[in-house]
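Structural overview for review
Here are the chains, one letter per residue:
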Amino acid sequence: MIQDTEFEIAEVGSLLSETRQRAAISFSEYVNDAVNFLSMDGSRFDVSLSWKSAEEISPNPNVISVQARASDNAKEGGSSSVYQIRCGGFDDIVFLMAAGLSEPLRPVRSIASGGEMARILLAIKLAPTLRNRKEKKNTHSSHPGGNTSMEDLGFEVTECTHEGHQSPVHFRGVSVFDELDSGVGARVGNQIGAALRKLSHDGGQQVLCVTHLPQVAARGDFHLSVKKRLDSHRGDYHSVGQQRKIVIDALTGYDSRVEELSHMLGLGEAPQGISAAARLLESVSHAQH
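Residues numbered from 1 in each chain as written. Predicted model: local features only at pLDDT ≥ 70, side-chain atom pairs only at ≥ 80, totals over all residues. Heavy atoms only, no water.

This brings us to the overall build of the protein chain. A tally of regular secondary structure across the protein chain gives seven helices and nine strands. Carbon and sulfur atoms provide 52% of the accessible area of the protein chain, an area that totals close to 16,900 Å². (Helix = DSSP H or I, 4+ residues; strand = E, 2+ residues; numbered from the N terminus. Areas by Shrake-Rupley, 256 points an atom, 1.4 Å probe, with all protein chains shown as cover.)

What follows is the structure in structure tokens.
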């Protein structure tokens, strides 16, 4: 009875691993498309799947070992051996990243900065959405310089109007991004903003993003201003001190958004700043027409 059960586990685990190997190839392709679109120049993404033999892992009551035939890319080269299987199957899955064309692939968790990690996460979350678009295309081209364009990836971004609107998408999850625009300029920021909007409107995600770039903020359906303020307060024994407070304002009107975007541009309430911010909002608004 136990041998029969172990045989069934090995069969199911092997089938799951083969399915994952096929999925990893296409998944890596779509993530690399998104990485390219986000202008992470020369970066490459890949997925590593491997099995661990029983000798490699110390005894664990939550882990069982079964005899199975390793797949072609497994360490044993196709031989039959005893491998560890957990509730998720045989596979140890590691996301790999190379920061440049000449760089080797390394685990993402060991090489990515905070901003890079956030952009990689965005690329990973975009992959299922890009798959549906790309499968409808027989070919796709890239602009000179190797950067994939919005049109190449099927970006049909519906921008918000001045009054804003709610997407009819039924959200399947929540994605929170911080430091996503760390170390990037306005051009890449514009692409990041478009990608975030696509994730929300086409990918079924409720997206919350902390950003310092007006090109990203202008693409949101809703804009919240978060500021820190020092307030005087009276403490024990009537002592007077200062307390830091976080103030969050919902910018619901067109004028308030324009004013905040002007501040984000570094131009305050100067006429040229208000004019530039208004043009920025209008530029993303006109894309839907």
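Along the chain, Ile274 falls in helix α7 (residues 271-286). Separated by 12 residues in the primary sequence, Ile274 and Ser262 have C-alpha atoms spaced 5.4 Å apart. Among all residues touching Ile274, those that are not within four sequence positions of it are Val258, Glu259, Ser262, Gly268 and Glu269. (Contact = heavy atoms within 4.5 Å.)

On to the packing of aromatic side chains. Taken as a whole and judged by the stated rule, the model has five aromatic pairs. Pairing Phe27 with Phe95 gives two aromatic rings, centres 6.0 Å apart and planes at 35°, and the pair type is tilted. Remark: Phe95 occurs in strand β4 (residues 92-98) and Phe27 occurs in helix α1 (residues 2-37); sequence separation between them is 68 residues. (Phe/Tyr/Trp six-rings, centres within 6.5 Å; stacked < 30°, edge-to-face > 60°.)

What follows deals with the pattern of salt bridges. Counted under the stated rule, the structure contains five salt bridges. Notably, a salt bridge pairs Arg106 with Glu103, separated by 3.6 Å at the nearest N-O pair. On the basis of relative accessible area, Arg106 is assigned to the partly exposed category, the value being 37%. Between Lys198 and Asp202 there is a salt bridge whose closest N-O contact spans 3.1 Å. (Salt bridge = Lys/Arg side-chain N within 4 Å of Asp/Glu carboxyl O. Buried < 20%, exposed > 50% of the residue type's maximum accessible area, 1.4 Å probe, protein only.)

Turning to the side chain of Arg119, a few remarks are in order. Here Arg119 is to be found in helix α3 (residues 114-134). Beyond its immediate sequence surroundings of up to four residues, Arg119 is in contact with Leu38, Met40, Glu179, Leu180, Asp181, Ser182, Val184 and Ile192.

A few words now on the pairing of β4. Taken together, the seven bridges between strand β1 (residues 44-50) and β4 define a ladder with antiparallel strand orientation. Bridge assignment links Ser50 to a residue of β4, and that residue is Asp92. Note that β4 and strand β5 (residues 106-107) share two bridges and pair antiparallel. Opposite Met97, over in β5, you have Arg106 as the bridge partner. (Pairing = 2+ DSSP bridges.)

For the rest of this paragraph, the subject is the sheet that holds β4. Backbone-to-backbone hydrogen bonds pair the strands of a sheet. The strands run either parallel or antiparallel. Taken together, three strands build an open sheet; the order of strands is β1-β4-β5 and the sheet is antiparallel. Only two strands of the sheet have a single neighbouring strand rather than two, namely β1 and β5. Contacting β1 and β4, α1 crosses the sheet at an angle of about 165° to β1. (Axes fitted to C-alpha atoms, helices over the stretch in contact; angles between N-to-C directions.)

The subject of this paragraph is the nonpolar core. Counting residues in each nonpolar core, the largest one holds 32 residues, and the members touching the most others are Leu38, Leu122, Ile192 and Leu196. When residues in this core are grouped by element, the largest group, eight residues, is from α3. In terms of nonpolar packing, the next biggest core, distinct from the first, is built from eight residues, Val258, Ala277, Leu280 and Leu281 among them. (Core = buried A, V, L, I, M, F, W, Y, C linked by side-chain atoms within 4.5 Å.)

Helical geometry note: an α-helix holds 3.6 residues per turn, so side chains three or four residues apart project in the same direction. Between the first and last C-alpha of α1 there are 51 Å, a value that for 36 residues agrees with the 52 Å anticipated at 1.5 Å per step. Remark: Ser39 follows α1 within two positions and exhibits a positive phi of approximately 60°. (Expected span 1.5 Å × (residues − 1).)

Attention now goes to the side chain of His223. Take His223: it is sitting in strand β8 (residues 223-234). For His223, the residues in contact, after removing those within four places along its chain, are Ala217, Asp249, Ala250, Leu251, Arg257, Glu260, Leu261 and Met264.

With respect to the element layout, Ala118 can be found in helix α3. In sequence terms Ala118 and Asp178 are 60 residues apart; their C-alpha atoms lie 6.9 Å from each other. In this view, Ala118 contacts Phe177, Asp178, Glu179 and Leu180; residues no more than four positions away in its chain are not counted.

Moving on, we get to helix α4 (residues 186-201). Along its 16 residues, α4 runs 22 Å from first to last C-alpha, staying within 8% of the 22 Å computed at 1.5 Å per residue. Counting buried positions along α4 gives 13 out of 16 residues, so the element sits mostly inside the fold.

Another aspect to go through is a nonpolar patch on the surface. Together, Leu224, Val226, Ile246 and Ile248 make up a nonpolar patch on the protein surface, roughly 420 Å² of accessible area in all. Of all the secondary-structure elements, those providing two or more residues to the nonpolar patch are β8 and β9 (240-251). In this fold, Val226 is placed in strand β8. (Patch = residues over 30% accessible without salt bridge, like charges linked within 9 Å, V, L, I, M, F, W, Y side chains within 5 Å.)

So, about the confidence of the model for the protein chain. On average, residues of the protein chain score 77 in pLDDT, and 73% of them reach the 70 mark or higher. Per-element mean pLDDT across the protein chain ranges from 71 in strand β2 (residues 64-69) up to 94 in helix α6 (residues 254-264). Counting interchain partners and residues more than four positions distant, the pLDDT-below-50 stretch residues 72-78 has 10 contacts. This model gives residues 138-169 a pLDDT under 50, and the stretch forms 77 contacts once residues within four places in sequence are excluded. (pLDDT = per-residue confidence, 0-100.)

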